[in-house]
Every structure is written in C-alpha cells, then in structure tokens.
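Here is what each chain is made of, one letter per residue.
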Amino acid sequence: MNTQQRNTVPDQVATPCLKCSKYIGFCFGVQRAIEMAREAVAGHGAPIRTLGPLIHNPQVVAQLRREGIRDVKRFTHLKPGAVLVIRSHGVPCAVEQRMRARGLKVIDATCPFVKKAQNLIASLARDGCDTILVVGEPQHPEVEGLVSYGTPVRVHVVRSVEELKALKLAGRVGVVAQTTQSPACFRKIIASLKRRQDIQLTVHDTICRETNRRQRDALRLARQCDAILVIGGKNSANTARLHQRCLAINPRSFHIEQADELTPEMLRGAATVGLVSGASTPVSIIAEIARIAAAPAGRPQ
Ligand code: SF4
C-alpha cells in the first residue's frame, strides 16, 4: 500500500488495541513432546517417527518433518529398532503393547496430566466400578487411549447432560474428564449425576490446569473485547472448543490458523481485539497475526 492509500484508511480500520491472553503458545505437554522428539533425533539420528502428527498444528508439523520427525498413521511397516514417539495425547494400552512387541524403540511423550487420567481410570476399574464415564470427545485420540485403560469395565464417553440421560447407570460410577474438556460442561454433567440417588459416584476432575486457565482467560477477553481471534490449527480440538466458548459470549469470535486468513471484516470497527490460542499454537504465528492486526496499513484488504 502506498502513502496516499495509507492516508485514506477509513476510521473503521483504525488500529485496534490488542489484548493478548496471558496463556498463549505451547502448553507444557506439547512443549515437552516436541523437545523429546528433537532429543530423539539428536540421540538416534533422523528420521524418527511419531504415531500421528506430534501436535495439531500443520505449520509446526511441517517444520518438524524438515527436522526428520515424520508422522506415520501405522507402525506395522517399521523395522525393529526404529524409533517411534507416542505423542502427548497417549495411545490405547493395546497399541503401546504392539509397538513394544514389534521391537520398536518407544519414546513415550504422553503428557503427565494425560498419564494421570489414564492411571485414575485404571484404578477405578480395579476398585470395582460398574461403569466409568469419560467426559470428552469420543473420536479424540486422547479419549480413545483413556477408554482403553478402563477395561474390562463398561466405559462410556459423554459430551453433554443430554447424552448422559440416555445412559442406564446403576451401582458404582466413576467419572474422569478428557484433559482439555470444558470445565463448565464437566461441572454440569457432575451436577446432574450428583442429583441421582441410585448411584455411588467417584469423580476425578482431570481437566488440566493449563486448559482451565486458557479457557478462563479467553472468556474474560471475549467479554471485554469487540472482537476475538482464536488462533490455532483447524484440526485442534482444544482450539475449536475455545472458539465455541468465546462465540457463546462474543459473536465476533473467529478461529484462524494463519495470518493470511485475517480479513478486514473480522476487525472492522473493533476498538479492542483479543488474541487467544490453543495449546498447540506456536508464539511465532500469534506474533505474526498480532503484527498484521495492529497495523491498518498491513491489514489484508
Ligand atoms: S493441554 Fe494439558 S494435558 Fe494436554 S498436553 Fe497440554 S498440558 Fe498436557
């Protein structure tokens, strides 16, 4: 844009005040998994593999591929001795057993908070629960792993009070949460269960502190700002959830993955813009989006 154009920038695209969440960038578990994969390349040489993309951010995964960290959908073609990293979501127990039985060098980067939830489900099953409920997304890899730890007890995955009502429950019921679950949703489900007289309830709130803080701060910004940019991979469940929660408070909440998705309409007339991010979003992408959002001359036209 030349100087003349810059002078004619209308009021509605004047520089907004940016308010960034206190909790941005990789969460502890994602940062740890990336470091473990990089250490594996340094120690064993490239390439090493991860079962599925190491994190839910395509730009970071592309960078990791360039460093020799390749994601694979299956491991049955890998030769004994090949290095395979379990990502922060964890895997079902049977999958880990098959990896080890194949003679692969398994590096377990399961986030310690996910590991804690897995162990709690295993203890609920050992302690004689009749049913275990996992509050989470049924198709999410973390949840698939969590469910496997409840064997041989009946494990149900529920996302809402409505889904809960469709279940027949009796006796001892144990409950855990997917670590990135919405605290509000978890609370509603627990409140509904507590009203029942016909079950004995054991509840483990396994939502990780990081998720709690991010959601709380995102909601604070959604209330305070005219528009919200929720930054993170389109395949990231925790980013999608942050977006849904912000949207419920502020209809001008937009989920974008990269700076080139920003449009003038998103920020038009907004005096304050909040920036929040999922747990797999690198600071570099957030900084790039902040730079463009704060500069009317550089705003996409
Ligand atoms: S969101 Fe929480 S549980 Fe999930 S990887 Fe990050 S720190 Fe671990």
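Residues numbered from 1 in each chain as written. Predicted model: local features only at pLDDT ≥ 70, side-chain atom pairs only at ≥ 80, totals over all residues. Heavy atoms only, no water.

**Student:** Can you lay out the overall build of the protein for me, pointing to particular residues and giving the numbers?
**Tutor:** A count of helical and extended segments in the protein gives twelve helices and twelve strands. Expressed as lengths along the three principal axes of its C-alpha atoms, the size of the protein is roughly 75 × 55 × 25 Å. Residue burial in the protein is summarised as follows: out of 301 residues, 52% are buried. The long-range fraction of contacts in the protein, counting pairs at least 24 apart against all pairs at least 6 apart in sequence, stands at 71%. Just so you have it, the protein exposes about 14,200 Å², and 51% of that area is on carbon and sulfur atoms. Of the side-chain charges in the protein, 43 are positive and 24 negative, and the distance between the mean point of each set is 2 Å. (Helix = DSSP H or I, 4+ residues; strand = E, 2+ residues; numbered from the N terminus. Buried < 20%, exposed > 50% of the residue type's maximum accessible area, 1.4 Å probe, protein only. Contact = heavy atoms within 4.5 Å. Areas by Shrake-Rupley, 256 points an atom, 1.4 Å probe, with all protein chains shown as cover. Lys, Arg positive; Asp, Glu negative; His and termini not counted. Charge placed at Lys NZ, Arg CZ, Asp CG, Glu CD.)

**Student:** Describe the site of the ligand, listing the residues and the values that go with them.
**Tutor:** Near the ligand you find Cys 27, Gly 29, Cys 111, Phe 113, Thr 179, Thr 180, Cys 208 and Thr 211, and these make up its full shell. Of all the cavities here, the one that holds the ligand is the largest cavity. A per-class count over the shell around the ligand returns four nonpolar, four polar and no charged. (Near = heavy atom within 4 Å. 1 Å grid on protein atoms, 1.4 Å probe; cavity = no way out; pocket = protein on both sides within 12 Å on 5 of 7 lines; lining within 4 Å. Sits in = over half its atoms within 2 Å of the grid points. Nonpolar A, V, L, I, M, F, W, Y, C, P; charged D, E, K, R; others polar.)

**Student:** So what about the side chain of Thr 50? Which residues, and what values?
**Tutor:** With respect to the secondary-structure elements, Thr 50 resides in strand β2 (residues 48-51). By relative accessible area, which is 2% here, Thr 50 ends up buried. With residues up to four places along the chain from it excluded, the contact list for Thr 50 reads Ile 69, Arg 70, Asp 71, Val 72, Leu 84 and Val 85.

**Student:** Give a description of the pairing of strand β4 (residues 83-86) that names residues and reports values.
**Tutor:** Here β4 shows a buried face lined by Val 83 and Val 85 and a second buried face lined by Leu 84 and Ile 86. For β2 and β4, the ladder comprises two bridges, and the chain directions are parallel. The residue bridging Thr 50 from the neighbouring strand is Val 85, located in β4. Across four bridges, the pairing between β4 and strand β5 (residues 105-108) is parallel. Of the residues in β5, the one forming a bridge with Ile 86 is Asp 108. Crossover connection from β4 via helix α4 (residues 93-101) to parallel β5: handedness right-handed. (Pairing = 2+ DSSP bridges. Right-handed = clockwise from strand over helix to strand, strands pointing away.)

**Student:** Break down empty space enclosed by the protein for me, citing the residues and quoting the values.
**Tutor:** Inspection of every chain in the model, using the stated rule, returns two cavities of 30 Å³ or more. Roughly 380 Å³ of internal volume is contained in the largest cavity. Lining the largest cavity are 26 residues, with Cys 27, Thr 179, Thr 180, Asn 238 and Ala 279 sitting closest to its centre. Elements supplying a minimum of two residues to the lining of the largest cavity: α2 (28-44), α5 (112-126), α9 (209-224) and α10 (237-249). Take the lining of the largest cavity: its biggest share by element is four residues, from α9. Residue composition of the lining of the largest cavity, by class: twelve nonpolar, eleven polar and three charged. Roughly 40 Å³ of internal volume is contained in the second largest cavity. Residue lining of the second largest cavity: Thr 50, Pro 53, Leu 54, Val 61, Leu 64, Ile 69, Arg 70 and Asp 71, and that is the complete set. Of all the secondary-structure elements, those providing two or more residues to the lining of the second largest cavity are α3 (58-66) and β3 (69-72). With three residues, the single largest contributor to the lining of the second largest cavity is β3. Broken down by class, the residue content of the lining of the second largest cavity amounts to five nonpolar, one polar and two charged. (Points joined across faces, edges and corners; volume = space filled by probe spheres on them.)

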